[in-house]
Every structure is written in C-alpha cells, then in structure tokens.
Amino acid sequence: MAATSGEARFQMRTVYVNGEYRPENEASVSVFDRGFLFADAVYEVTSVLGGRLVDFSAHMARLKRSLAELGLPSPGSEAHLLAIHRELVRRNDLDEGTIYMQVTRGAADRDFLFPSEDTPPSLVLFTQANTLVDKPAARTGLRVISVPDLRWSRRDIKTVQLLYSSMAKTEAKRRGVDDAWMVEDGMVTEGTSNNAHIVAEDGTLVTRALSHSILHGITRAAVLKLAEESDIRIEERSFTIEEAKRAREAFITSASAFVMPVVEIDGTPIGDGKPGPVATRLREIYIRHARDTAI
Ligand code: PMP
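Residues numbered from 1 in each chain as written. Predicted model: local features only at pLDDT ≥ 70, side-chain atom pairs only at ≥ 80, totals over all residues. Heavy atoms only, no water.

S.K.: What is the right way to read the side chain of His 59 from this model?
M.R.: Along the chain, the position of His 59 falls in helix 2 (residues 56-70). Residue classification places His 59 among the buried residues on the basis of a relative accessible area of 3%. Once residues within four sequence positions are removed from consideration, His 59 is found in contact with Glu 44, Val 45, Thr 46, Val 54, Ile 218 and Ala 255. (Helix = DSSP H or I, 4+ residues; strand = E, 2+ residues; numbered from the N terminus. Buried < 20%, exposed > 50% of the residue type's maximum accessible area, 1.4 Å probe, protein only. Contact = heavy atoms within 4.5 Å.)

S.K.: Sorry, what's going on with the site of the ligand here?
M.R.: Around the ligand lies a shell of 18 residues, among which Arg 62, Lys 158, Glu 190, Ile 218 and Thr 219 are the nearest. A distance of 2.3 Å separates a nitrogen atom of the ligand from a polar side-chain atom of Lys 158. Classifying every residue of the shell around the ligand by side-chain character gives four nonpolar, ten polar and four charged. When residues of the shell around the ligand are assigned to domains, at least three map to each of domain 1 (8-129) and domain 2 (136-293). (Near = heavy atom within 4 Å. Polar contact = N/O pair within 3.5 Å; in protein donor to acceptor, adjacent residues only side chain to side chain. Nonpolar A, V, L, I, M, F, W, Y, C, P; charged D, E, K, R; others polar. Domains from an automatic or database assignment.)

S.K.: Is there a simple way to explain the pairing of strand 15 (residues 249-254) in this structure?
M.R.: In terms of burial, strand 15 is a largely internal element, six of the six residues being buried. The side-chain alternation of strand 15 yields two buried faces, one formed by Glu 249, Phe 251 and Thr 253 and the other by Ala 250, Ile 252 and Ser 254. Sheet topology places strand 12 (residues 195-199) next to strand 15; five bridges connect them, and they run antiparallel. Residue pairing across strands places Val 199 opposite Glu 249, the latter belonging to strand 15. (Pairing = 2+ DSSP bridges.)

Right, here's the structure in full:
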C-alpha cells in the first residue's frame, strides 16, 4: 500500500508480528513484553540483494546459539523463519535492504524472574529498504573515534541490549564522524554495530579472535574465508588503536555494510587517508559471494 503526500512518497510496510502480517501502523506488541521491559530478547539482521537473502543459514545458526545461551524458547524451525522472511520480501517488494527479526521471552507480568517455560516467545520481523551495494561511503571510507567499551561481557550473544552502542554511535555523529570503535583493556573490541579489522604493514589481515568480548559476525566469518581463498594472510589477535592508526588499512564488516573501509581513527588518517586496495577488493569479492549464494 503506497500513500502520496506532496513530494514525499511514503511506503507503508507490511510487518510480521506473532503469526500475522499487518500494516506497520496496525502492528503491536504487549506493554508487558520482556523485550520491552528487560531487553530479554535476541535478534538477527539479514541483508537482501536482488530480493534474495544473504548468508541466511549462518544468521539462523547464530540465532539458535543466542537463544540457547539465554534459555529463550525457539520461535520455529529454520524453514518456518525462511518462509516468513521470503513472504516479507514478497509483500514489501523488497529488492535491496535488510530484514530485522527479533525473538523475545514473550509477555508476562513484570518480574525479574523468568516467566514459566510455556510462555510463548514473541516474534517480530520487518523490512528496511536500503541501498547496500552502491554506497558513497565505500568510495570515501568511514571516519571513526575510539570510546571505552562499557557493554556487558556477553557480546557474543546478539541481544537487543544496544543502548551503549547507540550512545557511542550518536556521540561519534555529534563529533562529526561516522562511527566509534570500542576499546577494552587497551585493545579494540569492535565497532558499535560491526566487526573491526586492520591490514598490517606486511599485508596481513589482523582481526580480533572470537570470544565472549565480541559478536561473532556472520560477515566477518564469510570475509575471512574469502580472504583466505584469495591468499591473504590472516592473524586472529587483538590490536590497539595505536597499531590501527599505523596500519596500512582499516575496515569494518557487517551484514548491512558488507565490507567498508575506515580511513581515519581519532583524527589520524590511515595509510594515505583513502580506502585501501585490500578493503576495496574484499568488498567486491564479498558482494559477488553474497549475490552468488543468496537464497
Ligand atoms: N558486532 C556488533 C556489535 C554488531 O552489532 C554487528 C552487527 N549486528 C556485528 C558485529 C556484525 O555482525 P554481522 O556481520 O553478523 O552483521
């Protein structure tokens, strides 16, 4: 359904809420939903290219792990969730963008104790139409600042507890740059909504090893595999902001940004201050992989 008001054409989306497809302005969840009251919820964001889903199975595997870590009930099989994703692509005529999916521990009277195990989970999905491939930032690169990482210690679980990341990104914008890299015990953890990587002076791709300290990025995993196949040397270890500033290149990965070069950290240009060849090549290779394997 499309409504026209003056110059602006506003597209009313169809969203999915607990078994129903509804216009976005008619969809609602309970005020007692534990996602709303306790951030007792996990999510996934899957990108859509040419109307097809990128790295879908990997996103579902991570969802399953997040649910298990928190003892959250499953919202349904991978096939069921795939059918909902595809139906939302169809109903919203989505060619390029993302699908957000959130699973919460359901609605129950407010109590710190988890509700009984037969409380049904809430399941919400919606689309966001967006240009993902032809992004000007891929040609100019991103500028980031560093901030202390003040999040909780289980960042490997993809919870909706995103307040600190949201504050850090807003602070970055307020300071005239694009994003923030978070630092803990002197080492970079990750970006506010992406994994952080550098290319060392000898061409080695350096990226923090997986642990509870960072989200196990689906795009990170895909890009590392593609980099390995392209004979790029990889070192999974922590690095400091100082090392990143001296690096040949820096870049981030995420489902919606793919691979995006970083050209400045805390005011210091990285390399010659322009997107580097490794990040640019990995972006191309990843986009090709995404298009070739999307379902
Ligand atoms: N780290 C954080 C904190 C994130 O929020 C995200 C994106 N949700 C990522 C890394 C990148 O993960 P993915 O490649 O699976 O999108």
